[in-house]
Amino acid sequence: MFQTLVDTIWLVPCYAFLGALISFLWFPSIIRKTGPRPSGYINTLMSLTALLHSVLAFSALQGQPAQRLLIPWLKVANLDLTIPIEVSSLTMGALVLIMGINLFAQVFAIGYMEMDWGWARFFSLLALFEAGMSALVLLDSLFFSYMVLEILTLATYLLTGLWFNQPLVVTGARDAFLTKRVGDLFLLMGVLALLPLAGTWDYQELATWAKTAQVDPTVMTLVGLALIAGPMGKCAQFPLHLWLDEAMEGPIPASILRNSIVVATGAWVLFKLEPVLALSPFTLSALIWIGGVTAVGGTLIAIAQIDIKRSLSYLVSAYMGIVFIAIGTQQTAAAQMMTLTHALAMALLVMSVGAVIWNCITQDLRQYGGLFARRPISGLSFMVGAAGLVAFPPLGGFWALLKLVDGLWTTQPWLVGLLVLVNTLAGFSLARVFCMVWGGSSKPMTARSPEVFWPMILPAMTAMGFTLHLPHILATLSLLPTWETFNQEAALLLTGSSVLGFSAAGLIYLSPTIQKPVKLPLPGLQDLFAYDFYTPKLYKTSIVFGVDLISQLTSWFDKYLIDGTGNLFGLATIFSGQSLKYSTSGQSQFYVLTILVGIATIGVLLCWPVLSHLSLAVG
Amino acid sequence: MLSLLIVLPLLGAIAIGFWPSKLSGESARLGALGLSTALLVLTAVIFSQFDLSAAGLQMSEYLPWIKTLGLNYALGIDGLSLPLIALTNFLVLIVVYSGDDGVPTTSPRLFYSLTFLVSAGITGALLAQNLLLFLIFYELELIPFYLLILIWGGKNREGAAMKFLIYTAVSGFLILAGFLALTWLSGAPSFDYAAISTAGLSTRTQLILLTLLLVGFGIKIPLVPLHSWLPDAYVEAATPVAILLGGALAKLGTYGLVRFCLGLFPQTWPIVAPGLAILATVGVLYGAMAAIAQKDIKRMVAYSSIGHMSYVLLGIAAHTSLAMVGAIGQMVSHGLILALLFYLIGVIEVKVGTRELDELNGLLNPLRGLPTTSSLLVLAGMASAGIPGLVGFISEFLVFQGSYSAFPLPTLLCVVGTGLTAVYFVILLNRTCFGRLDNKTAYYPKVTRTEQIPALVLTALVFFLGIQPTWLVRWSETTSAAIVAAVPQTAPPPIALNQTFMPAPSLKLQG
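What you are looking at is a predicted structure, and each value in this text was computed from that prediction instead of being measured.

Caption draft 1: The arrangement of the overall build of chain A in detail. Of regular secondary structure, chain A possesses 24 helices and two strands. Compactness check: chain A gives a C-alpha radius of gyration of 28 Å against a globular reference of 25 Å for 619 residues, within 12% of the reference. In terms of its C-alpha atoms, chain A occupies a principal-axis envelope of roughly 90 × 60 × 60 Å. The contacts of chain A with a sequence gap of at least 6 include a subset with a gap of at least 24, amounting to 82%.

Caption draft 2: Just the overall build of chain B, in detail. Tallying secondary structure elements over chain B gives 20 helices and two strands in all. A compact globule built from 511 residues should have a C-alpha radius of gyration of about 24 Å, and chain B, at 22 Å, falls within 12% of that. Each principal axis of the C-alpha distribution contributes one length, and for chain B these read about 70 × 60 × 40 Å. Residues classed as buried in chain B amount to 64% of the 511 residues present. Contacts spanning at least 24 positions in sequence make up 80% of the contacts within chain B whose residues lie at least 6 apart.

Caption draft 3: Region of the structure containing the packing of helix α4 (residues 89-112) of chain A against helix α11 (residues 252-262) of chain A. All names here are of chain A. The geometry of α4 relative to α11 is characterised by a closest axis approach of 8 Å and an angle of 160 degrees between their N-to-C directions. It follows that α4 is roughly antiparallel to α11 by the angle criterion. In this structure, the crossing between α4 and α11 has a hand that is right-handed. On the side of α4, the interface is formed by L97, I98, I101, N102, F104, A105, F108, A109 and Y112, while α11 contributes I252, P253, I256, L257, S260 and I261. Partitioned by chemical class, the residues of the contact of α4 with α11 number 13 nonpolar, two polar and no charged.

Caption draft 4: Spotlight on the confidence of the model for chain A. Residues and elements named next belong to chain A. With 91% of its residues at a pLDDT of 70 or more, chain A has an overall mean of 86. Every residue in residues 565-586 is under pLDDT 50, and counting partners more than four places away or in other chains gives 16 contacts. Here residues 614-619 is a poorly scored stretch, pLDDT under 50, and it has two contacts once near neighbours within four places are set aside; other chains count.

Caption draft 5: Highlighting helix α2 (residues 11-23) of chain A. All names here are of chain A. Between its terminal C-alpha atoms α2 stretches 18 Å, which fits the 18 Å expected from 13 residues at 1.5 Å a residue. Here α2 has its buried residues at V12, P13, Y15, A16, G19, A20 and S23. Mapping the buried residues of α2 onto a view down its axis gives an arc of 155 degrees, with all of them on the same face. Buried-residue contacts for α2 involve α3 (37-61), α4 and α5 (119-138).

Caption draft 6: The pairing of strand β1 (residues 67-76) of chain A, seen in detail. All names here are of chain A. In terms of strand pairing, β1 meets strand β2 (residues 79-87) through nine bridges, oriented antiparallel. By the bridge assignment, I71 is partnered in β2 with I83. Counting the residues in the hairpin turn of β1 and β2 gives two residues, including A77, whose phi is positive at 40 degrees.

Caption draft 7: Region of the structure containing the confidence of the model for chain B. Summary statistics for chain B give a mean pLDDT of 86 and a share of 94% for residues scoring 70 or more. A low-confidence stretch, residues 491-511 of chain B stays under pLDDT 50, and its non-local contacts, those more than four residues away or across chains, total 42 contacts.

Caption draft 8: Expanded view of helix α21 (residues 523-530) of chain A. Summarising burial for α21 of chain A: zero of the eight residues are buried, a small minority. Count one or two residues on from α21 of chain A and you reach D532 of chain A, which has phi positive near 55 degrees.

Caption draft 9: Structural detail: the pairing of strand β1 (residues 58-66) of chain B. Residue and element names in this part refer to chain B. Pairing of β1 with strand β2 (residues 71-77) involves six bridges; the strand directions are antiparallel. Counterpart to Y62 in the pairing with β2 is A74. Between the antiparallel neighbours β1 and β2 lie four residues, among them G70 with a positive phi of about 80 degrees.

Caption draft 10: Highlighting the nonpolar core. Residues A347 of chain A together with L340 and L344 of chain B are the most contacted members of the largest nonpolar core, which totals 412 residues. With 21 residues, helix α13 (residues 321-352) of chain B is the single largest residue contributor to this core. Split by domain, this core shows at least three residues from each of two domains, domain 1 (1-140) and domain 2 (345-521) of chain A. Aside from chain neighbours lying at most four places away, what touches A347 of chain A is I101, F104, I256, S260 and A463 of chain A.

Caption draft 11: Here's a closer look at the environment of F342 of chain B. All names here are of chain B. Summarising the element assignment, F342 is placed in helix α13. Classification of F342 as buried rests on a count of 28 C-beta atoms within 10 Å. For the pair F342 and N72, spaced 270 residues apart in the sequence, the C-alpha separation amounts to 38 Å. Not counting the four nearest positions on each side in its chain, F342 is found in contact with T239, A242, I243, G246 and V301.

Caption draft 12: Spotlight on the environment of G397 of chain A. All names here are of chain A. Checked against the element boundaries, G397 lands in helix α17 (residues 396-408). With 31 C-beta atoms counted inside 10 Å, the residue G397 sits in the buried group. Placed 176 residues apart in sequence, G397 and T221 show a C-alpha to C-alpha distance of 32 Å. Leaving out residues up to four positions away in the same chain, G397 has contacts with T341, A345, G388, L389, V390, A391 and F392.

Caption draft 13: Main features of the packing of helix α18 (residues 413-438) of chain A against helix α20 (residues 488-510) of chain A. All names here are of chain A. The interhelical angle for the contact between α18 and α20, taken along N-to-C directions, is 35 degrees, at an axis separation of 7 Å. In the crossing of α18 with α20, the sense of the turn from one axis to the other is right-handed. Of the residues in α20, those in contact with V420, N423, T424, L425, A426, G427, F428, A431, R432, C435 and M436 of α18 are L493, L494, S497, S498, L500, G501, F502, A504, A505, G506, Y509 and L510. Broken down by class, the residue content of the contact of α18 with α20 amounts to 15 nonpolar, seven polar and one charged.

Caption draft 14: Spotlight on unusual backbone geometry. All names here are of chain A. Following F238, the chain continues into P239 via a peptide bond in cis, with omega recorded as 0 degrees. For P239, the location among the structural elements is in the loop between α9 (217-234) and α10 (242-246). Residue P394 is bonded to the preceding P393 through a cis peptide linkage, with omega at 5 degrees. Secondary-structure assignment places P394 in the loop between α16 (376-389) and α17. Positive phi outside glycine occurs at N78, with the angle close to 55 degrees. With respect to the element layout, N78 can be found in the loop between β1 and β2. The class for N78 is exposed, based on 10 C-beta atoms found within 10 Å. A positive phi is found at S478, a non-glycine position, where the angle reads about 45 degrees. Assignment of secondary structure puts S478 in the loop between α19 (454-476) and α20.

How each quantity is defined
- Residues numbered from 1 in each chain as written.
- Chains lettered and ligands numbered in written order.
- Predicted model: local features only at pLDDT ≥ 70, side-chain atom pairs only at ≥ 80, totals over all residues.
- Helix = DSSP H or I, 4+ residues; strand = E, 2+ residues; numbered from the N terminus.
- Rg over C-alpha atoms; globule rule 2.2 N^0.38 Å.
- Contact = placed C-beta atoms within 7 Å.
- Buried ≥ 20, exposed ≤ 12 C-beta atoms within 10 Å, placed from the backbone.
- Axes fitted to C-alpha atoms, helices over the stretch in contact; angles between N-to-C directions.
- Parallel < 35°, antiparallel > 145°, perpendicular 65-115°, else oblique.
- Left-handed = near helix turned anticlockwise from the far one by under 90°.
- Nonpolar A, V, L, I, M, F, W, Y, C, P; charged D, E, K, R; others polar.
- pLDDT = per-residue confidence, 0-100.
- Expected span 1.5 Å × (residues − 1).
- Arc of directions from axis to C-beta.
- Pairing = 2+ DSSP bridges.
- Core = buried A, V, L, I, M, F, W, Y, C linked by C-beta atoms within 7 Å.
- Domains from an automatic or database assignment.

Below is the structure:
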């Protein structure tokens, strides 16, 4: 039984993929009679099957050694691309988490998307994500990870672009695709460059190789930087963080997935690559810096947002930044724990906020207020989510951050200070959202706002249960510190910072004496945070402008210089006063001329090594 | 067996063209469909008999023809030509099937007849094992293509057809000059490939001859400074003709590059390879950048073709066996993806009546847009941008991995090129498929199931070969290894980024 479960573990992504394929049948151009709903039910069922399979495999694997399965894929010209699958308690745990949150998101979507017509497309894309993410954790090879990440980039584009007739959605989808693709392509460069160095892409073999590898430090630094660029895009780190914010234009069930586990795909690749990255100290410090800037910047920007979803999305960037710091300081276990606690808590936060948005039909925080009397369940789940995310004992986030801080306590105290700051700001940001939505007095948009129906409440409640019980689960897996190793000072510091953040926000946003919306004494600074450090503008004036300019120049060059038909020839005939000769035969002469010039260019270029050699011999 | 692949379409062209009694367009189409299906079945039979482990020619046929000229009727097939022949015959079937909708009903008999002439020409050139025989077939498709563009093309078809004719004729002329000089200088008894060896020629002679051929084939591919016939020809040609032009004909250029330039000049190849790698990089970036600025979606795809053929050039220049397999795979996958893109754009043009980016909008709309067509367009665009799981990715990847050890910097720049590909396809898709459909103008005719079949078949293939790439690359593995083994390996073993990336460092440094 146990072995069968493990041997067939590759079925888990297949369930989801099959669901995605079956959903195609309910595209409006194929089946119309039943409406598109069956596609949603089928996919939920597939997720449930996948979840059961992975839970059974996870429990069966407890106390067993890790196993590897090999599936042949492509073997060509001394390049062997066999699919390695790692079945260990870590990958199975990740699989359970992915499938669980997917199931939440899909059940939530059945409620949230009730009035939508694009079910088949939406659910097939959700299922594609599910398949991709579960495949990612199973595959133990950098090459296949890269493949999956690219496919997920495409899926992000399509899923964000679900409501494609709104202009903001279209630009959001575009930016999400292109930003992630930039990261992916750097990753591809890293993948290409790593093979000649290491001779393998299997993470396991890479780790073995890294132990004894002697590589030129410059090369290793370049390769390392290329390798972390992909995860930077996925984890929405500065300066590739813009897409996550814009992707919030997509539907909320997709945001549940995206904010909790899709961003974590990048972190997963980093966990696996950690031994390779450690070969270059520069790469590690780059990770710390990127993560540090994102963590502080992300929390500050989150506090300045007036859109609920965006406020949460910047926190996602910030927490992934903490994961980056953890990997940069080689605390992989803490990074993994942080990813787990963040995923669960963030899914809960997005679900509770999503349920509120669904029938208050606004995302503007300033229009909310006084919902706790009407929406206590959503309010409670937000509170639990917030407490589970920041370091608030005894919930999960506390243990993850404690583990990280404990590891840095003596070695890098300045990072401890940074983490405590980030934790305070994150607590402040979450409490701010809570106070603005659930606290205060009710406003026109919130005056009539009952609790929503079960498909949205059920997953939120289940996720709340899991968030509350996460410490228990961690204890069962013996991931919590014992009393002897418990760092009491760090624990106190972290708890204190969370309480400080929560209470400061409570004081400011619940007190009627402080003018709302809160204005900082420096409006320029507030705008800087509110407009995301002006990153969109920065991109527009630099990269977008540059590519546009070069492409226009190329096109002009092509039209008027390379192609002989353009004005140039017309001008020549006008100047020579023989416009009558502007005929087919005249044009053909010009073509011949262009061809000759082209030939000459190629000829010189091709013979260049020899020509230069000749000139040297003569001289 | 191989002769059938040439004789059948020739006979078909004659039969359809000169059928004595009156032949309706519909029955001509049926006949053409039957014939092209037969050709595809024949190709399948050849596939089943193909020996994967043999590097050399298989199923050879030899018939002395004109002894004094050195012209022999010599045919053969290997792992280089087999996938391209399959691609050609497959695309001919697609073209004949779609001909009914894409081509105006004027003179269908002539259209099918010319299509089969083209098919015979391309197949013949791919099978020929004699330089003159190759050239005969190479020139044979020129006139039919000229007519195909001229008769069924768009508004500016005359200029485009003339441009195509002149460029291709120059290409043929240069190749002819190269072949003649090559045979005479090397003192070979005939024009058979096997009889010719450049080993005895001096490096300078070899370089001059090689340059003639490179430029000749470079026009056909096309390489960047010689490409100006391409956008016009692709854009003005009717959809089926554009599919044949970009999907099948352009491959003759890269085929010639491998077979004649690399195959006949193994000693000189390493000298020109760095230059070619730079040209390939320029082509990739130039094609992508020019595509970004286009406003006509067909022209955009035409420029994308320049970039994608340059990946093939990069792979050939690198001459490692992995890159070579990738290059051959890229020829096939580019053919499939380009055919799919052109087909879908053809459907959009027919139904919506425009190809302008500024006028198209919201075609993904499930009720009043063209949902299936635009979904497939998304997929085709992504395949072209090299998203894994689709056929474009794996061949590009093999080219990159194979070329990286020889030319790290050009390879990395070509990777940047795939990023730019994503940029223009996102522009295309965002404007065409996404957005809001204008309710006032959106009364488009429905796309029928029969019109969708070619696109669906192509998509299925793009998908299948993307997930099971073994079926794409297994045919050419042995041949690629043999071709590459003939070239003296001057490229250093896997090198690192900070080292110089020219395989001939001594020459480079002295210059």
